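Below, each chain spelled out in residue letters.
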Amino acid sequence: CLPANQERFANGKLVTVQFHPSAQVVMTAGHDRSLSLFQVDGIRNPRIQSIYLESFPIYKACFSVDGEQVIATGTHHKMFFVYDMMSGSIIPIQKVRGVEERFLRNFEVSPDGSFMLLTGTSGYLHLLSMKTKELIGTMKVNGRCTASAFTPDSSKIYSYSKEGEVFIWDVGSRKCLHKFEDEGSLEGKCIAVSKNNQYVACGSASGVVNLYTTDACLKENHPKPVKAIMNLVTSATCVTFNPTTEILAVASHETDEAVKLV
């Protein structure tokens, strides 16, 4: 295959590569302060457009569920940008009232498109309305939150702490329903919930990825993993399930070609 972004390679590290939810389009974004969209046809992969965010190296970018917006956070900024693909306008969100953070980097968009979850410092999690980008409520984990994931029906959030604990939140009430310890985890890095809500995968700094059933996660304080995946030797920085929950991808960005499909 040709490189998807062959018509415009980035000048720095790419932090996001994501397919559009409904069109044959791929987005790339990275430290060179740019975000590009490409039509993926496998022949030329023509570039649709690139936008440049002045003095804003991108930490993460993500399509909205309806595919009409792109949200981008920076590496050292408390503001973030919303790119409206319908109007072509770039909207800076300078400040979210009620959110006091030095940096806003990591975030998740709920599968139903209603919510945006910002990961703050000191364990704070800020739930925003996707429509208005206003604060709905705040949750707090013990320690520092490193990763979060919504359940497929957007009713719950799994938050993984640096200390290796996973907190399960109810989105409606913002109350903690349960928490459990990820077996053998010295430092939590990434988490994913499968599309059929059957499994939860937790990746840690040691490179071990533990796979649990969601039933065990909701009931037990020390659930036993169905499987411990030991294939990575450096920190697991990305876990994700395929849409049919038959394949789990585990990856580490600390070494070349550290991507395994399980």
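If you're wondering where the values come from, they're calculated on a predicted model, not measured in any experiment. Numbers given for residues are sequential positions, taken from 1 along each chain in its written order. Given that this is a predicted model, residues contribute local features only at a pLDDT of at least 70 and side-chain atom pairs are listed and counted only at 80 or more, while totals for whole chains, interfaces and linings are drawn from all residues. Side-chain calculation: all heavy atoms of the structure are included, whereas hydrogens and water are not.

Engineer: Residues and numbers for the sheet that holds strand β17 (residues 188-193), please.
Structural biologist: One bridge is not enough; two strands pair if DSSP finds at least two bridges between them. Helix and strand labels come from DSSP, where a helix needs a run of H or I of at least four residues and a strand needs a run of E of at least two; each type is numbered from the N terminus. One open sheet accounts for 4 strands, arranged β17-β18-β19-β20; its pairing is antiparallel. The open sheet has two edge strands with one neighbour each: β17 and β20 (227-229). When strand polarity is set aside, the average angle formed by the axes of neighbouring strands in this sheet is 20°. Examined bridge by bridge, β17 and strand β18 (residues 199-204) share 5 bridges and lie antiparallel to one another. Bridge pairing in β18 places Cys190 opposite Gly203. To get an axis, fit a line to the C-alpha atoms, keeping to the stretch in contact for a helix; angles then go from 0 to 180 degrees between the N-to-C directions.

Engineer: Now, about unusual backbone geometry: what can you tell me, with residues and values included?
Structural biologist: Phi is positive for Asn45, close to 50°, though the residue is something other than glycine. For Asn45, the location among the structural elements is in the loop between β3 (34-39) and β4 (47-52). Even without being glycine, Ser55 reaches a positive phi, approximately 45°. Here Ser55 is to be found in the loop between β4 and β5 (58-63).

Engineer: Any details on the pattern of salt bridges? Residues and values, ideally.
Structural biologist: A carboxyl oxygen of Asp or Glu within 4 Å of a side-chain nitrogen of Lys or Arg is what we treat as a salt bridge. Evaluation of the coordinates by the stated rule reveals 8 salt bridges. Note that Lys162 and Glu187 form a salt bridge whose closest N and O atoms lie 3.8 Å from each other. Here the residue Lys162 occupies a position in the loop between β14 (156-161) and β15 (165-170), and Glu187 occupies one in the loop between β16 (176-181) and β17, the gap between them amounting to 25 residues. A single network of salt bridges, built from pairs that share partners, joins Lys162, Glu187 and Lys189.

Without other data, these values stay purely geometric and don't point to any function.
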